[in-house]
Protein chains: 2
Amino acid sequence: MRKSAADRFRHLFNRSLILLRHRHHHHPFPSSSSLSPFSRSRFFSSTPFSMASDSPFPVTAQNINPKVLKCEYAVRGEVVTLAQNLQKDLQANPGSHPFDEILYCNIGNPQSLGQQPITFFREVLALCDHPAILDKSETQGLFSTDAIQRAWQIVDQIPGRATGAYSHSQGVKGLRDTIAAGIEERDGFPANPDDIFMTDGASPAVHNMMQLLIRSENDGILCPIPQYPLYSASIDLHGGFLVPYYLDEATGWGLEIPELKKQLEAAKSKGINVRALVVINPGNPTGQVLGEENQRDIVEFCKQEGLVLLADEVYQENVYVPEKKFHSFKKVSRSMGYGENDITLVSFQSVSKGYHGECGKRGGYMEVTGFSAEVREQIYKVASVNLCSNISGQILASLVMSPPKVNSLHL
Amino acid sequence: MRKSAADRFRHLFNRSLILLRHRHHHHPFPSSSSLSPFSRSRFFSSTPFSMASDSPFPVTAQNINPKVLKCEYAVRGEVVTLAQNLQKDLQANPGSHPFDEILYCNIGNPQSLGQQPITFFREVLALCDHPAILDKSETQGLFSTDAIQRAWQIVDQIPGRATGAYSHSQGVKGLRDTIAAGIEERDGFPANPDDIFMTDGASPAVHNMMQLLIRSENDGILCPIPQYPLYSASIDLHGGFLVPYYLDEATGWGLEIPELKKQLEAAKSKGINVRALVVINPGNPTGQVLGEENQRDIVEFCKQEGLVLLADEVYQENVYVPEKKFHSFKKVSRSMGYGENDITLVSFQSVSKGYHGECGKRGGYMEVTGFSAEVREQIYKVASVNLCSNISGQILASLVMSPPKVNSLHL
């Protein structure tokens, strides 16, 4: 069953499939799909919420950070808990349900559904994990020549070949060079390795930006609905205000500028200081690919309104319609003649998506452009508090942005 | 030079060597070691702080989150920037300074100073990165038998052997089982794998706890001075108040209960709601190892005052005085007869320290005990927003807590 189901989900499993409901006043989802009938059932192991003040614990749900309480994250929420409990049921009592397997499609996690990793990537990672074997003759028989070559190249980029050392807080300089070169090749416009901040997947990068921009609940972030719930969760955790804009299902989840303007004005009229626009392109969970003209309008809108454009571009390899093509917002804005001083743009990328789907490696980066030097220093400072992202993830991000090419092997 | 310097720093390089100055009113460092004479010199590439309101950028230092501005992180701060600029000087003009190499000892990063990784750990990591070679005959010639055995055991613990899939948000269950068993063996008391939250190094775990506990600037966290500056940075980023307690240099950086009480009372009298006590044991940067009786007093103090005990135990392997021994706070509290309902305790551990010093792998965990079920759910929810920590780091954390033993190889 796994095989055929994986087959059926081939074009889908790289995205979150569950459209999510939120209860917040600023999470304008319809409430018809309420999960509450299940929420106190035997499937849930959680203790009922206790208001008792005679708790033996100094920390209670009543005295923790209310932003944490408020945050919702349905990707691992009630539906997943239900599935996990059904799975336990099936293990304890086989045949107790009219199905005998649970396939988790709540999050894009292709390797958990049987997708195999790309051999070249894994060979390079293994060799960088254990560089001592790089020059052993047996290694030639076990690893491909191009992987050995690339691994040498990478360990030579790491100071002291120390793949177990903390790197520069933005990531190993040589790997950022590779990524910048990959961006240049993709876009046809220059990319600066000093603009790259490597992160443990894209999620911490999104948090970094929310942390930077949100000062209070009066700071708003324009987010698409439907969205990937990292955005609502991160906005809640940082105490900001989610300003929704609705994608238009009738036009293939189109992103309409009049809708953006309408929602921006509505938020402003409530005293919300809107600071940024999140665009997920290709869309998650909606899968649409924005056209270049639409993207130009979005860039123009952000420029005119003084908004930071937060471009979630982690699905850039996941375009399944031949007539659609991914264009990065960096490329679009540069092709309009807009440079560093014209548009503030952050592009998020991850090793977890694309054809590789290396979710467990937690590699990713953000390309940060159009910030003043003093704000960039603040971004660097916050990055440095966590020292650096994991080196395997950094290496993989460099591979994803610079995969082997036909005839690229130099023997 | 590198070798001998590395030698001289053998006992030191696993700790931060720079005692740090803070300018905040609640960071009570003496201000005599001011770095300001350098701060506008040619060594600093940063643009002078601009108050201009005619900035072309929508985001300025004046309108970002003030908590970010306030946060200081000297481990990667001005001294490091100065060193980096000196290094650039040396590269551009060899002989321009009365030294020809910079050794970075600002942070415990032993592999950057030439310490080699532990072969067993790296072999297992390489095999788990590329499990396709596990059953190839050439692998026997290149990897040790015990590493192959352990790698099989680990990939079998990962659902679908998918080392590239997101794991459970707390970490792979089988790896948490191994860690819990390692804690039990270390302490002689039970450990529950469901109490383990694996993280990308210890730093995100510390942030998670600060995020949970801090509601406003009226929430205080007792921190040792001198401290590891992650704590002050994290408290600032989460908008809390650092309540200092001073380690007593005269008694080998002793942690005195009367000092804790004095500082707690002083904070309370200012209206600060003190929520937790950070203890770094063994000390960072001070290196002291607390005695068991002292630890019992600390546990008693936290219990009586209703404080969460945040135990930074990442240096548990770094004890260099034969008559001193590390005791975990979990062991000490359990040996006093205190269980889940008596003391709220979080222990932080990392793969970056110890004899292995695998900083770049970003592996770590927190063991969370004495929280109510509803608060644990909140901790889990926040962990799930970032999906999971990196799998290589998770694997390494399991190895660190369960290293090979003499005669443990089953052929």
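Residues numbered from 1 in each chain as written. Chains lettered and ligands numbered in written order. Predicted model: local features only at pLDDT ≥ 70, side-chain atom pairs only at ≥ 80, totals over all residues. Heavy atoms only, no water.

Chain A goes by alanine transaminase in an unreviewed UniProt entry, where it is assigned to Glycine max. What the UniProt record of chain A gives under Sequence similarities (unreviewed entry) is the line "Belongs to the class-I pyridoxal-phosphate-dependent aminotransferase family. Alanine aminotransferase subfamily." (UniProt positions renumbered as here; feature names shortened; annotations may be inferred.)

Caption draft 1: Fine view of the interface of chain B and chain A. On the chain A side, the residues contacting the 96 residues of chain B number 95 residues. Between chain B and chain A, a total of about 8,000 Å² is buried, with carbon and sulfur atoms accounting for 57% of that surface. Our count for the chain B to chain A interface comes out at two salt bridges. With a shortest N-O distance of 2.4 Å, Lys361 of chain B and Asp129 of chain A are connected by a salt bridge. Counting the contacts that link chain B with chain A gives 38 residue pairs in polar contact (both at pLDDT 80 or more). Secondary-structure elements contributing two or more residues to the side of chain B that touches chain A are helix H2 (66-70), helix H4 (119-129), helix H5 (137-142), helix H8 (202-213), helix H9 (230-237), helix H13 (373-385) and helix H14 (391-400) of chain B. Considering each element in turn, the side of chain B that touches chain A owes the most residues, ten residues, to H13 of chain B. Class assignment for the residues of the side of chain B that touches chain A results in 41 nonpolar, 37 polar and 18 charged. (Contact = heavy atoms within 4.5 Å. Buried area = accessible area lost by both parts, 1.4 Å probe. Salt bridge = Lys/Arg side-chain N within 4 Å of Asp/Glu carboxyl O. Polar contact = N/O pair within 3.5 Å; in protein donor to acceptor, adjacent residues only side chain to side chain. Helix = DSSP H or I, 4+ residues; strand = E, 2+ residues; numbered from the N terminus. Nonpolar A, V, L, I, M, F, W, Y, C, P; charged D, E, K, R; others polar.)

Caption draft 2: Here's a closer look at the pattern of salt bridges. Under the defined criterion, the tally for this structure stands at 26 salt bridges over all chains. In this structure, the salt-bridge partner of Glu259 of chain A is Lys262 of chain A, at a minimum N-O distance of 3.7 Å. With Glu259 of chain A and Lys262 of chain A both in helix H10 (residues 257-269) and three residues apart, the pair spans about one turn of that helix. Since its relative accessible area comes to 13%, Glu259 of chain A is described here as buried. For Lys330 of chain B, the salt bridge identified is with Glu367 of chain B, shortest N-O distance 2.6 Å. Placement of Lys330 of chain B in helix H12 (residues 329-335) and of Glu367 of chain B in strand E7 (residues 364-369) is noted, with a sequence separation of 37 residues between them. Taken as a pair, Lys330 of chain B and Glu367 of chain B share a single burial class, namely buried. (Buried < 20%, exposed > 50% of the residue type's maximum accessible area, 1.4 Å probe, protein only.)

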